Amino acid sequence: YIKKLAADQAEYGASYIDVCPGVAPEVERQTMEWLIGLVQSVTDTPLSIDSPDPQVIVDSMPLAKVPGLVNSASNEAGKCETLFPAIAGTDWNVVCLTCDDEHGVPSEAEVKFEIAQDIMRKAKEAGVRESQIFFDPVVTTLGTTPDALISFMGAARKIKETWPEVTITSGLTNISHGMPLRKKINMQFLSLAMSAGMTSAILDPTSMDMRTVM
């Protein structure tokens, strides 16, 4: 089943195949190794190594056949400090979420941008190139934050204007969490976010609906 998912995503043009075990911490490393092995047995598409534990990501990077994406850094304690030295001077890229320990996931575009500024400072200090950064201004659900789209687009525009070489990405389906007509909301968000400079998204590349919007 997992091999088919990976092969289908590669066939439909995915830039990265996300590998995220989503298991208990004590078995995450061995599960990540197993998962990477399965995916790489059917495709050479680069991987997005995805874990809430930055050390698991770093430990798993050597298993990848080619450099890919690490997912993710943020201004939460220890994440930038662990991931940035591991990708500095390499061809790996990194997703950076605009959240931190103080604000969690902020709803204001200005706070998202302030966090992005601090993350970029840490990246440059570690020797990470601007072009290696995939900033995700972390959209929240419309169900609890009615101006979530406006906040996301405002932060995205400001980040892209300030650092033109970064990529703007998004886990776009977050916007419709808990809402009716999720597919329609996701499609509209994708279209509008692209107008604000988003050129990357975590999505299902096999979905004809998403492909139509792109």
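Please read all numbers here as calculations on a predicted model, not as lab measurements. (Residues numbered from 1 in each chain as written. Predicted model: local features only at pLDDT ≥ 70, side-chain atom pairs only at ≥ 80, totals over all residues. Heavy atoms only, no water.)

On to the overall build of the protein chain, then. Along the backbone of the protein chain there are eight helices and six strands. Beginning at the N terminus, the succession of helices and strands in the protein chain can be written as α-β-α-β-α-β-α-β-α-β-α-β-α-α. For the protein chain, whose C-alpha radius of gyration is 17 Å, the value lies close to the compact-globule estimate of 17 Å for 214 residues. Overall size of the protein chain, expressed as C-alpha extent along the three principal axes, is 40 × 40 × 30 Å. Buried positions account for 47% of the 214 residues belonging to the protein chain. For the protein chain, the share of sequence-separated contacts (at least 6 apart) that also reach a separation of at least 24 residues comes to 64%. Put simply, the protein chain shows about 10300 Å² of open surface, and 54% of that area lies on carbon and sulfur atoms. A gap of 6 Å separates the mean positions of the 17 positive and 28 negative side-chain charges of the protein chain. (Helix = DSSP H or I, 4+ residues; strand = E, 2+ residues; numbered from the N terminus. Rg over C-alpha atoms; globule rule 2.2 N^0.38 Å. Buried < 20%, exposed > 50% of the residue type's maximum accessible area, 1.4 Å probe, protein only. Contact = heavy atoms within 4.5 Å. Areas by Shrake-Rupley, 256 points an atom, 1.4 Å probe, with all protein chains shown as cover. Lys, Arg positive; Asp, Glu negative; His and termini not counted. Charge placed at Lys NZ, Arg CZ, Asp CG, Glu CD.)

Below, the discussion takes up a negative patch on the surface. A cluster of acidic residues, Glu 108, Glu 110, Glu 114 and Asp 147, forms a negative patch at the surface. Checked against the element boundaries, Asp 147 lands in the loop between β5 (133–136) and α6 (148–162). (Patch = residues over 30% accessible without salt bridge, like charges linked within 9 Å, V, L, I, M, F, W, Y side chains within 5 Å. Salt bridge = Lys/Arg side-chain N within 4 Å of Asp/Glu carboxyl O.)

So, about the side chain of Asp 100. One can find Asp 100 in strand β4 (residues 93–100). Comment: no salt bridge for buried Asp 100; closest opposite-charge side chain is Lys 122, at 8.5 Å. In terms of polar contacts, Asp 100 uses its side chain to reach the backbone amide nitrogen of His 103, at 2.6 Å. (Polar contact = N/O pair within 3.5 Å; in protein donor to acceptor, adjacent residues only side chain to side chain.)

Turning our attention to the packing of aromatic side chains. Applying the stated criterion across every chain yields a total of four aromatic pairs. These aromatic residues form a ring-pair network of at least three members: Phe 113, Phe 135 and Trp 163. Directly above the ring of Phe 113 sits Lys 158, whose terminal nitrogen or CZ lies 5.3 Å from the centroid. (Phe/Tyr/Trp six-rings, centres within 6.5 Å; stacked < 30°, edge-to-face > 60°. Lys NZ or Arg CZ within 6 Å of the ring centre and 35° of its normal.)

This part takes up the environment of Ser 191. Inspection of the secondary structure assignment puts Ser 191 in helix α7 (residues 182–195). For the pair Ser 191 and Met 210, spaced 19 residues apart in sequence, the C-alpha to C-alpha distance is 9.4 Å.

Attention shifts here to the environment of Pro 46. Relative to the helices and strands, Pro 46 is located in the loop between α2 (25–40) and β2 (47–50). Sequence spacing of Pro 46 and Ile 17 is 29 residues, and the spatial spacing of their C-alpha atoms is 6.4 Å. Among residues more than four places away in sequence, those in contact with Pro 46 are Ser 15, Tyr 16, Ile 17, Val 66, Pro 67 and Gly 68.

Take the pairing of β2 next. Burial along β2 is two-sided: Leu 47 and Ile 49 facing one way and Ser 48 and Asp 50 facing the other are all buried. Bridge analysis of strand β1 (residues 17–19) against β2 gives three bridges, and the strand direction is parallel. Directly across from Asp 18, in β2, lies its bridge partner Ser 48. Of the crossover connections in this fold, the one passing from β1 over α2 to the parallel β2 is right-handed. In this sheet, strand β3 (residues 69–75) lies alongside β2 in parallel orientation, the contact comprising three bridges. (Pairing = 2+ DSSP bridges. Right-handed = clockwise from strand over helix to strand, strands pointing away.)

In short, shape yes, function no, at least from these values alone.
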